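# Structure at a glance
The lines below spell out each chain.
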Amino acid sequence: LEVRREKLRGLAPLSEPRSPTDLRVRQLRARDLLRGDLEGPALEKHVEEAVLPTTMRKAISWGRANSIFPATFGLACCAIEMMSIVSPRYDIARFGAENMRASPRQADMLILSGRVSIKMAPVVRRIYDQMLEPKWVIAMGACSSSGGMFANYAVVQGADKFMPVDVHVPGCPPRPEALVYGFNKLQRMILGNPDPGWRRRYNGIGTEEWARAATGTASQEEIDAYAAARELSVSHETARSQESRGGAA
Amino acid sequence: MPDPPGLELIAKELDVAAAGSVLDTYHEHGQACLIVDPERILDVLGWLRDAPQQEYRFLASLHGVDYLPAEPRFAVVYELLNMPRTERLRVRAALADPGGDELPEIDSCMPLFAAAELQEREAYDFFGIAFRGHPDLRRILMPEDYVGWPQRRDFPMGGEPVIFTHNEREVPRWYE
């Protein structure tokens, strides 16, 4: 740091006139702020320049990526490896995802840990649908990514036949480190481009079930409100996708 | 296990109790097996369960087998166990394939062994063997709407070709 500071000073002497956007000027101003010297309109201007470029969306993505609640959901042998990532040895708590929720309605990440049989596939899809937006899926291991060794009549050949999968982790089973790495990849994806367009393709937007609608005890107003919320969710997702593609979609 | 003479003794006594029910016997790897007429299966199992000196009261397993291309094609195998003597006896009933959409049929042994309920459902699920008199014959492991009998030997393997770099051009529509 000392070297870097010397270099900055060396670019141009401080006595020369500088533009307000110059890094050195902003640094000095930030130091002033820390001292409590900056107040009133000067403070407003500083906030405008230094804080707003960190957009709201980035801040939200940062929060989401570092506070993920995985669903407690094991399918097969990979689930043993998945369990160990919350253990002190691998410690997914370092990345803020140690809180496994027992209900899909409280979770925002689903780890498909094992082969998905064709009888289980509708159940998995329903659990995914029950999770609240935003939600992500990691396909862990060869079986849930491609069917793996189970090329037979009973197993779905890759979970992305019926639901959007964000990250595939190879291995049979993957070591817990590999799953943690896959999770870090997912975090990076959330921080960067949050929407590759898969959710629309799999009709996975606004599918959160609504408990009373499912039991058939909802009134017509409630059903209408639910439909409107779904419409809103779809349009929001579409707009977000277009924005993340630079408006080209 | 009944030894070979013991097995012949059982076969002979069974032939007296239920005439013509035993078609063959064999003794291999220390395991005794009776091959019986599927139409008489309830007589055979009932006698083996209840006759004094036999008393094979526990049905350890019931499973279907497909011997394609042998004829008769199917078989239902009953593994019986006499627990006090720790003696096991296998009973096999061979079933011909009726062809077409018809299913091979055999009497359910649920009146004798209640534990056969789920195992007969499994044999039905995988081999399409219909058990007459079963109270609730439907699929148990495969989805209810599944079509076909997946453990039959002429059932296609299923699955999909795995795409490697060396064969990706040969796999149809590999780019999708």
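Residues numbered from 1 in each chain as written. Chains lettered and ligands numbered in written order. Predicted model: local features only at pLDDT ≥ 70, side-chain atom pairs only at ≥ 80, totals over all residues. Heavy atoms only, no water.

### Let's talk about the overall build of chain A
Counting its secondary structure elements, chain A contains 11 helices and three strands. Secondary structure of chain A in N-to-C order comes out as α-α-α-α-α-β-α-β-α-β-α-α-α-α. Buried residues in chain A amount to 36% of all 249 residues. Of the contacts made within chain A by residues no fewer than 6 positions apart, 73% connect residues no fewer than 24 positions apart. Accessible surface, chain A: about 14300 Å² in total, of which carbon and sulfur atoms supply 59%. (Helix = DSSP H or I, 4+ residues; strand = E, 2+ residues; numbered from the N terminus. Buried < 20%, exposed > 50% of the residue type's maximum accessible area, 1.4 Å probe, protein only. Contact = heavy atoms within 4.5 Å. Areas by Shrake-Rupley, 256 points an atom, 1.4 Å probe, with all protein chains shown as cover.)

### Considerations on the interface of chain B and chain A
Across the boundary between the two partners, chain B contributes 13 residues, which contact eight residues of chain A. Interface area, chain B with chain A, both sides summed: about 850 Å², of which 56% is carbon and sulfur. Viewed at the interface, chain A and chain B are joined by zero salt bridges. At the junction of chain B and chain A, the tally comes to three residue pairs in polar contact (both at pLDDT 80 or more). (Buried area = accessible area lost by both parts, 1.4 Å probe. Salt bridge = Lys/Arg side-chain N within 4 Å of Asp/Glu carboxyl O. Polar contact = N/O pair within 3.5 Å; in protein donor to acceptor, adjacent residues only side chain to side chain.)

### Observations regarding the sheet that holds strand β5 (residues 87-95) of chain B
All names here are of chain B. Judged by pairing direction, the sheet is mixed, and its five strands sit side by side in the order β1-β2-β5-β4-β3 without closing on themselves. Sheet topology places β1 (22-28) and β3 (58-66) at the edges, where each strand pairs with a single neighbour. On average, each strand axis in the sheet is tilted by 20 degrees relative to the strand beside it, whichever way the strands run. Two strands pair when backbone bridges link them, and β3 and strand β4 (residues 74-82) are joined in this way by eight bridges, in the antiparallel orientation. Bridging from a neighbouring strand, Leu62 pairs with Tyr78 of β4. The strands touched by helix α1 (residues 4-17) within the sheet are β1, β2 (31-36) and β5, with β1 carrying the most contacts at an inclination of about 170 degrees. (Pairing = 2+ DSSP bridges. Axes fitted to C-alpha atoms, helices over the stretch in contact; angles between N-to-C directions.)

### Quick notes on the side chain of B:Glu87
Residue and element names in this part refer to chain B. Within the element layout of this structure, Glu87 appears in strand β5. Separated by 3.3 Å, the side chains of Glu87 and Tyr56 make a polar contact. Here Arg85 takes part through its side chain, which lies 3.2 Å from a polar atom of the side chain of Glu87. Discounting residues that sit within four places of it in the chain, Glu87 has contacts with Met1, Pro2, Tyr56, Leu80, Leu81 and Asn82.

### A short note on the packing of α1(B) against helix α2 (residues 41-50) of chain B
Axis angle and axis distance: for two packed helices, these are the angle between their axes and the distance between the axes, and together they describe the pair. Residue and element names in this part refer to chain B. At a minimum axis distance of 10 Å, the contact between α1 and α2 shows a crossing angle of 120 degrees. Here α1 lies oblique to α2, going by the angle between them. Read as a crossing pair, α1 and α2 show a hand that is right-handed. Contacts between α1 and α2 involve Ile10, Glu13, Leu14 and Ala17 from the first element and Val44, Trp47 and Leu48 from the second. Each residue belonging to the contact of α1 with α2 can be placed in one class, and the counts come to six nonpolar, no polar and one charged. (Parallel < 35°, antiparallel > 145°, perpendicular 65-115°, else oblique. Left-handed = near helix turned anticlockwise from the far one by under 90°. Nonpolar A, V, L, I, M, F, W, Y, C, P; charged D, E, K, R; others polar.)

### Observations regarding the packing of aromatic side chains
In this structure the tally under the stated criterion is four aromatic pairs over all chains. Between A:Tyr153 and B:Phe126 the ring centres are 6.5 Å apart and the planes differ by 65 degrees, which places this aromatic pair in the edge-to-face class. Here B:Phe126 lies in helix α3 (residues 116-127) and A:Tyr153 lies in the loop between α7 (141-146) and β3 (167-169), a pairing that spans two chains. Note on A:Tyr153: relative accessible area 19%, which makes it buried. A relative accessible area of 11% means that B:Phe126 is categorised as buried. With a centroid separation of 5.2 Å and an interplanar angle of 65 degrees, the aromatic rings of B:Tyr124 and B:Trp149 are classed as edge-to-face. Here the residue B:Tyr124 occupies a position in helix α3, and B:Trp149 occupies one in the segment after β7 (130-132), the gap between them amounting to 25 residues. (Phe/Tyr/Trp six-rings, centres within 6.5 Å; stacked < 30°, edge-to-face > 60°.)

### Details of the sheet that holds strand β2 (residues 136-140) of chain A
Residue and element names in this part refer to chain A. Read from one edge of the open sheet, three strands run β1-β2-β3, paired in parallel fashion. Two strands bound the open sheet, and with one partner strand each, they are β1 (109-113) and β3. For this sheet, the mean inter-axis angle between neighbouring strands, taken without regard to orientation, is 20 degrees. In this structure, β1 lies alongside β2, joined through five bridges in parallel fashion. The residue of β2 that forms the bridge with Met109 is Trp136.

### Points about helix α6 (residues 121-130) of chain A
Summarising burial for α6(A): seven of the 10 residues are buried, a large majority. Regarding α6(A), the residues found buried are A:Ala121, A:Val124, A:Arg125, A:Ile127, A:Tyr128, A:Asp129 and A:Gln130.

### Notes on the confidence of the model for chain A
A residue-level look at chain A finds 70% of positions with pLDDT of 70 or above and a mean pLDDT of 79. This model gives residues 1-9 of chain A a pLDDT under 50, and the stretch forms three contacts once residues within four places in sequence are excluded. (pLDDT = per-residue confidence, 0-100.)

### What to know about the pairing of β1(A)
Here β1(A) lies mainly inside the structure; five of its five residues are buried. Between the parallel elements β1(A) and β2(A), the chain passes through α6(A) in a crossover that is right-handed. (Right-handed = clockwise from strand over helix to strand, strands pointing away.)

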